[in-house]
Amino acid sequence: MNTITAPAIEYLQLAPLLIVFGAGILGVLVEAFAPRYLRRAMHIPLTLLSLAGAFALVIVQTIKGVPTKPSAMGAVAVDGPTLFIWGTILVLAFISLLLLNDEDHFVPAASAVPGSAEEERALIEGNVHTEVYPLALFAIGGMLLFPASNDLLIMFVALEVMSLPLYLLCGLARRRRLLSQESAMKYFLLGAFSSAFFLYGTALLYGYAGSVDLAKISTALSANVGQDALLFTGAALLGVGLLFKIGAAPFQAWKPDVYQGAPTPVTALMASGTLVAAFGALLRVFWVAIGELDWDWSPIMWGVAILTMVVGAILAITQTDIKRMLAYSSIAHAGFLLVGVVAIGDAKQNATALAAILFYLAVYGIASIGAFAIVTMVRDAGGEAWHLSRWAGLGKRSPKLAGLFAFFLLAFAGIPLTSGFFGKYAVFQAAVAGGAVQLVVVGVVASAVAAFFYVRVIVLMFFNDPAPDGPTVVLPSWGTASVVGFAALATVVLGVFPQPVLDLAQSAAGSLFVR
Amino acid sequence: MGETVTFWVLAVASVAAALGLVFSRKAVYSALMLGVVMLSLAVLYAVQDAPFLAAVQIIVYTGAVMMLFLFVLMLVGVDSSDSLVETLRGQRFWAFLAGLGFAVLLALGFGNVVFAAPTGLAAVNQAGNVPSLAEAIFTRYVFAFEVTSALLITAALGAMVLAHRERAEAKATQKDLSRARFVAFGETGANPASLPGPGTYARHNAIDMPALLPDGSISQLSVNRHLARHTEELLEERSGELDASETPVAEITEGENSK
């Protein structure tokens, strides 16, 4: 009888993950056993404390020193970039959850047919789906695991753990429910399709390298000959799965529909957390596993980056729905970030580009949560005032709110004295150093086009007359107010004094991804 | 040699079944085709020296998942069909073209790959197929294995959120239902008795055969309207007979037959 030696799991290194998943499971137990009136009161501290605790553990780990080899038998790589990404995701998730915490974003009874008497009744009785808290925690856990996964198998599991709760949460909007359900369905079907591509790519790379381990795939590149078709097809299919998640250009179709239909706090979580996580995973696959192949994949990545920037910036101009416009803006930003992915070179160049991408992800995530938080506050009788024309003259009615929104838009556009400027500057600078000058030119032009539609919204808000029956600005709850306040503060501070976070990103990126 | 023969036989069978799965208009046929695909996969696994995987494929997928799938189909109703209207014009043509291009690309690409003879299987399987698999799952891949639980919890929770209905009021008892039926009888004359059962004929006793009422007329109420494919022909047949015997056909409607 042979014995199996127990696996060595570095529990402390994995503690942030374990805390978030553990809190999710506790949340499910609360759903099962706590009386209805107590559930929300139990979920809020549980969720927020677990995220704060996980963030504290990330800091502890950073101070203790960055591990130099993968944890959990080589499944999870807790390295410098991972710790930075974890910290970013946890902060973004915390403020998204403050937003999600507000009442009346979610449907009172998801099983009731939209517009039915049953729905009406659930609304009057004040039913709430408190399941959104554990679902959000599972999604956040998946987001943490996705960029940290060191082999393709766990990366796939993390992809699903991240996506499945999001598919569900997208379909739970309280208003415009058919649109919300349609968005959930679309996201689910397209997400499943992209997962299939990811899996097929994984299988082909396994066939090529004999391992799903990223480092082993990297070493197989020089050893295997005559199987290039497997390698290239596998890498391309894997790329399809990952580019779908970040919403890069040929695979961007889901983003506007899903961002529009999902409840706005969930949109905020997706626009920030998912983007950060997916970029982390994309970088890990393309830089670690097939980093030696950059001569082969970077022309394609060039094309994807250009297409993404152009499609995002140009289609955003034609939008009339505020959330769709922000979705296309998110696509354009994914394109700007891809410019950094292409800027691969020697170790020093890689560290510069990685630091730039990490900084960009952090500042863009915070600003986009702030913008979506403001979208939740401008209300019509039927919910959020989604049509852009309803935003006309908002600056005259509530100048503070419109001013903050204009500020976030300027940060998206990358105007100096906002955090977005330094994000873009860092990424473009890294790309120039990496020899992608033409790409940077396209990026700057796309930024200018993007700035046009941001400024158009600002003009609409401040220089148009408000409609007599215009939308009302609700008094924000403490949660929403603190989200907007924090996002605005972070955008200003990082726009004036970005050095500490830039330094942090540089030291995180300095060690590069472990192999 | 045996492996090659098995592969080609199953390849044809499973691809044909997969195509049938996609193109079949009836959901039940699709489900059965899926079963064929899964069974073929199980045999392929067995041929590839993966006996555990083959057994799991049959037990879990073909046995449990497929049966659950059929149950759901039956519960939802075999008659419910999806709208097949093409909302994007020409989408199927372009999708077909893109799919074909993708298949050709893969076939041409993989046709050129030179595979070395597989090595290392014997070494891995030294302790036996199942123990080796167990070791891989519980050591190297233990974290992925554990994290999958989050996926399962999410799926269960999601099904509850989307499908579970809270009962807002107490369930109507048999007494309440009976009372309501007689109130309806008083108001509209609707039949308070239970509906007639499906009929038994000398030639057929199928569930889709409508019953005869005491006056010789056919009760359409006696069969599920989705199953009632014989009603029309029977009506014709019966009306011929009845014409011959010159007995009037009582058009039975709900409520009238209670007199």
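Here is what the cut-offs are and how they apply
- Residues numbered from 1 in each chain as written.
- Chains lettered and ligands numbered in written order.
- Predicted model: local features only at pLDDT ≥ 70, side-chain atom pairs only at ≥ 80, totals over all residues.
- Heavy atoms only, no water.
- UniProt positions renumbered as here; feature names shortened; annotations may be inferred.
- Helix = DSSP H or I, 4+ residues; strand = E, 2+ residues; numbered from the N terminus.
- 1 Å grid on protein atoms, 1.4 Å probe; cavity = no way out; pocket = protein on both sides within 12 Å on 5 of 7 lines; lining within 4 Å.
- Points joined across faces, edges and corners; volume = space filled by probe spheres on them.
- Nonpolar A, V, L, I, M, F, W, Y, C, P; charged D, E, K, R; others polar.
- Phe/Tyr/Trp six-rings, centres within 6.5 Å; stacked < 30°, edge-to-face > 60°.
- Buried < 20%, exposed > 50% of the residue type's maximum accessible area, 1.4 Å probe, protein only.
- Contact = heavy atoms within 4.5 Å.
- Buried area = accessible area lost by both parts, 1.4 Å probe.
- Salt bridge = Lys/Arg side-chain N within 4 Å of Asp/Glu carboxyl O.
- Polar contact = N/O pair within 3.5 Å; in protein donor to acceptor, adjacent residues only side chain to side chain.
- Axes fitted to C-alpha atoms, helices over the stretch in contact; angles between N-to-C directions.
- Parallel < 35°, antiparallel > 145°, perpendicular 65-115°, else oblique.

(A) The arrangement of the UniProt feature "domain: NADH:quinone oxidoreductase/Mrp antiporter transmembrane" (unreviewed entry) in chain A in detail. Within this structure's numbering, the places UniProt gives as "domain: NADH:quinone oxidoreductase/Mrp antiporter transmembrane" (unreviewed entry) are residues 149-448 of chain A. Strand forms 2% of residues 149-448 of chain A and helix 79%; the C-alpha atoms that close the span are 36 Å apart.

(B) Quick peek at empty space enclosed by the protein. All names here are of chain A. Tallied over the full model, the rule gives 1 cavity of 30 Å³ or more. Approximately 70 Å³ is the volume attributed to the largest cavity. Of all the elements in the fold, those that place two or more residues in the lining of the largest cavity are helix 14 (347-377), helix 16 (399-413) and helix 17 (419-433). The class makeup of the residues in the lining of the largest cavity is 6 nonpolar, 4 polar and 1 charged.

(C) How the structure looks around the packing of aromatic side chains. All names here are of chain A. Applying the stated criterion across every chain yields a total of 23 aromatic pairs over all chains. Both rings, one in Phe 421 and one in Phe 422, keep their centres 5.2 Å apart while their planes meet at 75 degrees; by these two values the pair is edge-to-face. A relative accessible area of 28% means that Phe 421 is categorised as partly exposed. Overall, the relative accessible area of 23% leaves Phe 422 in the partly exposed class. Put simply, the rings of Tyr 167, Tyr 187, Phe 188, Phe 244, Trp 254, Tyr 259 and Phe 372 touch in pairs and so form one group of aromatic residues.

(D) Structural detail: the interface of chain A and chain B. At the junction of the two partners, chain A supplies 48 residues and chain B supplies 36 residues. Buried area between chain A and chain B, summed over both chains or domains, comes out near 3,500 Å², and the portion from carbon and sulfur atoms is 74%. By the criterion of area lost to chain B, the three top residues of chain A are Ile 4, Ser 111 and Leu 168 of chain A, representing 14% of everything that side buries. On the surface where chain A and chain B come into contact, there are 3 salt bridges. Between chain A and chain B we count 6 residue pairs in polar contact (both at pLDDT 80 or more) in total. Elements with a contribution of two residues or more to the side of chain A that touches chain B: helix 1 (11-33), helix 4 (117-125), helix 5 (132-148), helix 6 (152-170), helix 7 (177-209) and helix 9 (228-246) of chain A. Considering every element that reaches the side of chain A that touches chain B, the biggest residue donor is helix 6 of chain A, with 8 residues. Looking at the side of chain A that touches chain B, its residues break down into 33 nonpolar, 8 polar and 7 charged.

(E) Expanded view of the UniProt feature "transmembrane region" (unreviewed entry) in chain B. All names here are of chain B. According to UniProt, the positions carrying the feature "transmembrane region" (unreviewed entry) are residues 6-23, 28-46, 52-73, 93-117 and 137-163. Along residues 28-46 the backbone is 100% helical and 0% strand, and the end-to-end C-alpha distance reaches 27 Å. For residues 52-73, the helix share is 100%, the strand share is 0%, and the end-to-end C-alpha distance is 29 Å.

(F) Molecular detail of the packing of helix 2 (residues 27-47) of chain B against helix 3 (residues 51-76) of chain B. Residue and element names in this part refer to chain B. Running from amino to carboxyl end, helix 2 crosses helix 3 at an angle of 175 degrees, the nearest separation of the two axes being 9 Å. Accordingly, the angle class assigned to the pair helix 2 and helix 3 is roughly antiparallel. Between helix 2, through Ala 27, Val 28, Ala 31, Leu 32, Leu 34, Gly 35, Met 38, Leu 39, Leu 41, Ala 42, Tyr 45 and Ala 46, and helix 3, the contact on the second element is made entirely by Leu 53, Ala 54, Gln 57, Ile 58, Tyr 61, Thr 62, Met 66, Phe 69, Leu 70, Leu 73 and Met 74. Among the residues making up the contact of helix 2 with helix 3, the classes are represented as 20 nonpolar, 3 polar and no charged.

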